[in-house]
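Spelled out from the first residue to the last, the chains are:
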Amino acid sequence: MIKNGHHATDDHQKGDAGCCKPAGEVCSPEKRKRLVRLWCDGCYDMVHYGHSNQLRQAKNMGDYLIVGVHTDAEISKHKGPPVFTQAERYKMVRAIKWVDEIVEGAPYVTTLETLDKYNCDHCVHGDDITLTVDGKDTYDEVKRAGRYKECKRTQGVSTTDLVGRMLLMTKAHHSNMSNPDYQQHTDNFGKGPKGHSPWTGVSQFLQTSQKIIQFASGEEPQPGDTIIYVAGAFDLFHIGHVDFLEMVYKQAERPYVIVGLHFDQEVNRYKGKNYPIMNIHERTLSVLACRYVSEVVIGAPYAVGKDLLDHFKVDLVCHGKTEVFPDKDGSDPYAEPKRRGIFRTINSRNNLTTDDIVQRIIENRLQYEARNEKKEAKEMAVIEAMKKREAQEPNTPTTQAAH
C-alpha cells in the first residue's frame, strides 16, 4: 500500500530559496520575489517513470516548474517519428503531479530567449545528451550562460528499452532481461558501429523503497473525502489511463483515488501474450506520478472483495469501458461492489489501450529502429569528440566536457 499526493495541486514544495506556504495560500511579496522558476523541455514521447523522475528532481530544485513539449514536426525533424501525437503528449505531461504549467510547441533548441520569455531562472535536464539534427548540443547556449542545472537519469528505463520489449513479444521480458533474444535485440537497438552509448543503452531497473517514498509523499484520507477504488494493470501508463483517472477523479467533490495494481503473473493470466510490458515496480512508479492518484496498492487482489472494501472504507468502485475478465474461478471480480450498489462504469471517451500502442510500434518498427540507430550514431560521435578533447586537456574530466 503506497500513499500518493492527495489533491491534484498539492505538490507545491519548498525550494532552495522559494516559497514555503502550502498549496493554495498566497505568499507575501517578499517571498514571491524569491520564487524559483524552472524550465524543462523535451519530446516526452511514451512518457514513463524516468521522465516523471526527471521532473520530480527538477521541481525539487525550485518552486514552479514549467515544461516545454515539442511538436510532432520538430521531433520528426531531429529524431524521427514520435509514438504519440503532440496532443496526447501535452496531456500526459500535464497529468504529472510535479508539473505546474506546460508550454505547447516549445522550440527544440533551448535558448536564453525562451527562459526569459517564461521568466525562468534555470533550465533543468538529465545527465544524458540531446542533439539537434546536425549533431549540436541543444542546451549549449544556456550552459554557457550558467543557467543550466542537471539531474540524474533514471537507470533501467528508456523509451528505447520499452520499444524493444514490445517488438520482442516475449513473455519473459519482465522477469529475465538476460535472455539471449532480449540481449540480441538491445544490441541491435542500442549499439552503433563504433561502440555502445551510455545514454541509449539499457540496464535493468532495480526498485528501492527510497524511490517509492520519493514518488509517494502523500496524505491519509480526510473526513469528508470520497474514497474511490479502481484496479487494473495500468501497463505502459498512457493517455487512455490518464483520461480514465481524470474522469474518476471528477466523480466526487473531494476524491481520494486508490489504484490497485495487479501482480505481473495476474496480468499475464488475463491479458496473455507478453503482458505486462512493464513489471509491477515500474507500473507502481508510473501510477504514483499521476496527479489524480492518491494511493497505490501493490499486488492488489483481483477480486474486489469485502475485506478490501472494508479495509479502505471504499465509497465507490470504478471501472472503464474495457472488458472485465473473470476471476480464476470464473466469477465476476466486481460482484461485491455491485451487490453494495457502489460500482460505476466510467466512460472516459478514450478507447486507446496498451494493445493499440504496441500495434503503433510494430507497424512502424523499421522507422523506430532507424531512429534509434541514428540517435546512437550521433551520441557515439559526441563521445569520440569528448575523448579527443580530454586527451588534449588532461585536466578536464570527460563528464565535465559533456555538460
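This structure is a prediction, so every number in the text was calculated from the model and none was measured.

Novice: For the sheet that holds strand 3 (residues 64-69), give the residues involved together with the corresponding values.
Specialist: Taken in spatial order, the 5 strands of this open sheet run 4-3-2-5-6, and their pairing is parallel. The open sheet terminates on both sides in strands that have one partner only, identified here as strand 4 (101-104) and strand 6 (148-151). Geometrically, the sheet is characterised by an average inter-axis angle of 30° between neighbouring strands, direction not taken into account. Here strand 2 (residues 37-42) runs beside strand 5 (residues 122-126); their pairing, made up of 2 bridges, is parallel. Each residue of the ladder has a partner; that of Trp-39, found in strand 5, is Cys-123.

Novice: Requested: an account of the state of the cysteines, with residues and values cited.
Specialist: Considering all chains together, one arrives at 0 disulfides under this definition. Residue Cys-151 stays outside any disulfide, its sulfur separated by 6.5 Å from that of Cys-40, the closest cysteine. We classify Cys-151 as buried; its relative accessible area is 4%.

Novice: Mind laying out the environment of Thr-226, listing which residues take part and the relevant values?
Specialist: Tracing the backbone through its elements, the reader meets Thr-226 in strand 9 (residues 226-232). Residue Thr-226 is classed as partly exposed on the basis of its relative accessible area of 24%. Taking the C-alpha atoms as reference points, Thr-226 and Ala-252, 26 residues apart in sequence, are found 6.4 Å from one another.

Novice: Tell me about the pattern of salt bridges, residues and numbers included.
Specialist: A side chain with one charge can pair with a side chain of the opposite charge if their charged atoms come near. Enumeration over the complete set of coordinates arrives at 21 salt bridges. A salt bridge links Arg-283 to Asp-264; the nearest nitrogen and oxygen atoms lie 2.8 Å apart. Of this pair, Arg-283 sits in helix 12 (residues 280-288) while Asp-264 sits in helix 11 (residues 264-271); the two residues are 19 residues apart in sequence, bridging distant segments of the chain. Here Arg-283 falls in the buried class, since its relative accessible area comes to 0%. Here Arg-269 ties to Glu-266 by a salt bridge, and the two come within 2.5 Å at their closest N and O atoms. Of the two residues, Arg-269 and Glu-266 both sit in helix 11, 3 residues apart, roughly one turn of that helix. Among the charged side chains, a salt-bridge network with shared partners connects Lys-306, Asp-310, Glu-336, Arg-339 and Arg-340.

Novice: Describe the nonpolar core, with residues and values.
Specialist: In this structure, Met-46, Val-67, Met-166, Phe-234, Leu-245 and Val-259 are the most contacted members of the largest nonpolar core, which totals 70 residues. Per-element accounting of this core gives the leading share, 6 residues, to helix 10 (residues 239-249). Ranked by size, the runner-up nonpolar core spans 15 residues in total, among them Ile-227, Ala-231, Val-304 and Leu-309.

Novice: Tell me about unusual backbone geometry, residues and numbers included.
Specialist: Residue Pro-276 is bonded to the preceding Tyr-275 through a cis peptide linkage, with omega at 0°. Within the element layout of this structure, Pro-276 appears in the loop between helix 11 and helix 12. Positioned with a positive phi, Asn-119 is a non-glycine residue whose angle comes to about 55°. Summarising the element assignment, Asn-119 is placed in the loop between helix 5 (112-117) and strand 5. A relative accessible area of 54% places Asn-119 in the exposed class.

How each quantity is defined
Residues numbered from 1 in each chain as written. Predicted model: local features only at pLDDT ≥ 70, side-chain atom pairs only at ≥ 80, totals over all residues. Heavy atoms only, no water. Pairing = 2+ DSSP bridges. Helix = DSSP H or I, 4+ residues; strand = E, 2+ residues; numbered from the N terminus. Axes fitted to C-alpha atoms, helices over the stretch in contact; angles between N-to-C directions. Disulfide = S-S within 2.5 Å. Buried < 20%, exposed > 50% of the residue type's maximum accessible area, 1.4 Å probe, protein only. Salt bridge = Lys/Arg side-chain N within 4 Å of Asp/Glu carboxyl O. Core = buried A, V, L, I, M, F, W, Y, C linked by side-chain atoms within 4.5 Å.

These values are about where atoms sit, not about what they do.
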